[in-house]
Amino acid sequence: MSFVRLIYASRATVEFQPSSIQSILQAARKNNSQNYITGLLCFNQRGFLQCLEGKRFEVNRTFQRILKDPRHENVEIISFQYSEKREFESWNMGYLQNNQIMRDLLMRHTGSAEFLPLTLIPEDAFAILKDIRAMMEEVAAEEA
Ligand code: FAD
């Protein structure tokens, strides 16, 4: 078993301000590339859903750092799996807009148009992350 994939959800606290996005992005880009962590962090003003993939030691070390971050609370592991291959080739972060495309995506997977990461079951959480990654890739391809 080469890799582990950890998916967790959490709730944003009052310390999560617009400026936090840039500082989380900067720290995560630097640390995750150094530690060969891939995955995706999706968020809106209220909550987070993140997948971290990599070697077990690195994923655990990263998650322990994230757990202590006061910008979120109620951190719950949704799934922890061993895998022979990564699903995500890089690490990325995306703000979930409350638009029709996103509402349709959430409705398709959960039966609710709202982003409620702490209520997700493992299969839906993974499927949502993969669909959002695909959407982000489409947008990036259109912009290129
Ligand atoms: P530094 O480089 O010293 O700090 C990193 C940056 O975070 C700095 O700009 C610092 O000012 C800022 N910062 C730290 N705590 C706070 C705070 N309470 N309020 C405001 N700014 C603060 N880190 C990762 O490495 N990988 C991840 O995938 C990742 N995902 C995250 C997901 C979520 C939902 C959250 C809330 C945080 C995430 N982080 C992630 C950030 C992580 O919690 C640590 O802040 C970061 O890893 C520390 O990095 P560093 O040791 O290099 O510290």
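Scroll up for the structure.
Residues numbered from 1 in each chain as written. Predicted model: local features only at pLDDT ≥ 70, side-chain atom pairs only at ≥ 80, totals over all residues. Heavy atoms only, no water.

Draft legend 1. Looking closely at the nonpolar core. By size, the foremost hydrophobic cluster in this structure holds 19 residues, and its most contacted members are I7, L49, I78, I128, L129 and I132. Counting only elements with at least two residues in this core, the list comes to β1 (3-12), β2 (38-43), β3 (47-54), α3 (100-110) and α4 (122-143). With five residues, the single largest contributor to this core is α4. Residue contacts for I132: discarding those within four places in its chain leaves L40, C42, L96, M102 and L105. Grouped together as the second largest cluster of nonpolar side chains are 18 residues, V4, L6, L25 and F48 included. (Core = buried A, V, L, I, M, F, W, Y, C linked by side-chain atoms within 4.5 Å. Buried < 20%, exposed > 50% of the residue type's maximum accessible area, 1.4 Å probe, protein only. Helix = DSSP H or I, 4+ residues; strand = E, 2+ residues; numbered from the N terminus. Contact = heavy atoms within 4.5 Å.)

Draft legend 2. Representation of the state of the cysteines. All told, the structure shown has zero disulfides when counted by the stated rule. Of all cysteine sulfurs in the structure, the one in C51 sits closest to C42, which takes part in no disulfide; the separation is 9.5 Å. Using a relative accessible area of 0% as the deciding quantity, one classes C42 as buried. (Disulfide = S-S within 2.5 Å.)

Note that all results are geometric; they support no functional claim without further evidence.
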